Amino acid sequence: STSRIAHRRKILKSVEINRSISLREERVTGHNRWHPDITPVLEADPGEEVVLQCRDASDGQISFGMTNENITGMSRGATHPLTGPVYIKGASPGDLLEIEYLEILPEPTGWTRLAPGLGFLRDIFMDPYLVHWEINDGSATSTSLPGVRIPDGSFMGTAGVAPSHKQIKEWARREEDLRQRGGFVMPPDPTDAVPAHDSVARDGLRTLPPRENCGNADVKQLTKGSKLFIPVFADGGLYSAGDGHFAQGDGECCVTAIEMGSTVAVRFQIHKGEAELKGIKWPRFSHPGYFANPEWAAPKNFIATMGMPVRDDGTNEGENLTLAARNALLNMIDLLQERGWTKDQAYILCSVAVDLKVSNVVDVPNFVVSAFLPENIFE
């Protein structure tokens, strides 16, 4: 895939990986924690095109053909192996870094899993469930979901820049405060950290949550042609990417999309001082055209369920968008079960193909979230 991109675009700089081994066995190509002291693997000039080969989100712990029984005991500390960082010459704190996605190519297989303890409905789905996908001719199919064909919507689930030393401390502190208040947080943990250097392994931030440096935002509109804008916090920006997704519904409700190894080509531009001048603290993104074929982006042919903030016991939780989204999703799972899919299959389909959209935030007390299922995924 790298050679195909390089030949077509005449790209000279790339980071290639050995896909037969994990990042933990090939540490020189990347990392799985956010920290400004990680050594760059490549330098690039503004305007220069760079190719990065990337591992799947499990760092090879899930291979094609594995069963539900095989995926117990996986290391969460090894997830999100990122390729990078890339040092962009001239990038300084206060700048705004522009990353243009020129190509995103999938590997030939992917997977989606229900992971106990994770996901939007983790209190309902407590058992592991694994689906394998074959990717070819612009679509993904699975023997576990017969009659389903998911179109290519490739994007990088995780991509970002390094935080500053000050932010490492501030973000760890705010997340610890949230944990103390009962929030779901994965604090710094050196287990299976790459690099394994004391400061990075001990203090490096886990990659599960997105933050001001972007990271694991899982924005499916960041497809080929899109531009991601992130404030620069460390010299050189230190951009990294990984966690490729072949397709995902807005929400990625079961905590995985169609996860895949990938190859991404990017081009960087620096907007000097713009983040500081304009007070830009959070990522932004744009796309000059359709992020996907319009009939899939809309979608053209769909059925949707509504969710409102009312609990099963009839309690009205006014203006609670989280509860509204939960109810929209549960109603969609019910709809899919009416059509003959199992509960686990329905949850997988929601994660890879159903879009959760906010329909209103004004009709108090019942805000509405709708779940959109594209009918054309069914052959």
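Residues numbered from 1 in each chain as written. Predicted model: local features only at pLDDT ≥ 70, side-chain atom pairs only at ≥ 80, totals over all residues. Heavy atoms only, no water.

Draft legend 1. The arrangement of the packing of helix H6 (residues 321-338) against helix H7 (residues 343-353) in detail. Where H6 contacts H7, the axes come no closer than 9 Å and their chain directions differ by 125°. The angle between H6 and H7 places the two elements in the oblique class. You can see that H6 and H7 cross each other, and the crossing is right-handed. From H6, Leu 329, Met 332, Ile 333, Leu 336 and Gln 337 reach across to H7, where they touch Lys 343, Ala 346, Tyr 347, Leu 349 and Cys 350. (Axes fitted to C-alpha atoms, helices over the stretch in contact; angles between N-to-C directions. Helix = DSSP H or I, 4+ residues; strand = E, 2+ residues; numbered from the N terminus. Parallel < 35°, antiparallel > 145°, perpendicular 65-115°, else oblique. Left-handed = near helix turned anticlockwise from the far one by under 90°. Contact = heavy atoms within 4.5 Å.)

Draft legend 2. Geometry of the nonpolar core. Within the largest apolar cluster, 67 residues are counted, with the highest numbers of intra-cluster contacts made by Tyr 101, Ile 150, Tyr 239 and Phe 268. The leading source of residues in this core is H6, at eight residues. With seven residues, the next largest nonpolar core counts Met 66, Ile 71, Trp 111 and Leu 130 among its residues. (Core = buried A, V, L, I, M, F, W, Y, C linked by side-chain atoms within 4.5 Å. Buried < 20%, exposed > 50% of the residue type's maximum accessible area, 1.4 Å probe, protein only.)

Draft legend 3. Up close: the packing of aromatic side chains. Under the definition given, this model contains five aromatic pairs. On the numbers, 6.4 Å between centres and 90° between planes, the contact of Trp 171 with Phe 233 is edge-to-face. Taken together, the residues span a long stretch of sequence, with Trp 171 in helix H2 (residues 165-180) and Phe 233 in the loop between strand E12 (227-231) and strand E13 (237-245) at a distance of 62 residues. Residue classification places Trp 171 among the buried residues on the basis of a relative accessible area of 2%. Residue placement shows Lys 343 over the ring face of Phe 125; its charged tip is 5.8 Å from the ring centre. (Phe/Tyr/Trp six-rings, centres within 6.5 Å; stacked < 30°, edge-to-face > 60°. Lys NZ or Arg CZ within 6 Å of the ring centre and 35° of its normal.)

Draft legend 4. Here's a closer look at the state of the cysteines. Per the counting criterion, the structure on display carries zero disulfides. As a non-bridged cysteine, Cys 214 has Cys 54 as the owner of its nearest cysteine sulfur, 14 Å distant. The exposure class of Cys 214 is buried, given its relative accessible area of 6%. With no disulfide of its own, Cys 350 has Cys 253 as its nearest cysteine by sulfur position, at a separation of 5.1 Å. Judged by its relative accessible area of 1%, Cys 350 is buried. (Disulfide = S-S within 2.5 Å.)

Draft legend 5. Region of the structure containing unusual backbone geometry. Cis geometry is found at the peptide bond from Gly 84 to Pro 85, where omega equals 0°. Mapped onto the elements, Pro 85 comes out in strand E5 (residues 82-88). Note that the residue after Val 194, namely Pro 195, is joined by a cis bond; omega there is -5°. Among the secondary structure elements, Pro 195 is positioned in the loop between H2 and helix H3 (198-203). In this structure, Asp 59 is a non-glycine residue whose phi angle is positive, near 55°. With respect to the secondary-structure elements, Asp 59 resides in the loop between strand E4 (49-54) and E5. The residue Val 255 is not glycine, and still its phi comes out positive at about 90°. Inspection of the secondary structure assignment puts Val 255 in the loop between E13 and strand E14 (259-271). On the accessibility criterion, Val 255 (26% relative accessible area) is partly exposed.

Draft legend 6. Region of the structure containing the sheet that holds strand E18 (residues 368-374). Here we have three strands laid out as an open sheet, ordered E16-E18-E17, and antiparallel in their pairing. Of all the strands in the sheet, just strand E16 (302-307) and strand E17 (355-360) have a single pairing partner and so form its edges. Averaged over all pairs of adjacent strands, the angle between their axes in this sheet comes to 30°, without regard to strand direction. Of the strand pairs in this sheet, E16 and E18 are connected by six bridges, and their pairing is antiparallel. Residue pairing across strands places Phe 302 opposite Pro 374, the latter belonging to E18. Along the sheet face, H6 touches E16, E17 and E18 and points at about 135° away from the line of E16. (Pairing = 2+ DSSP bridges.)

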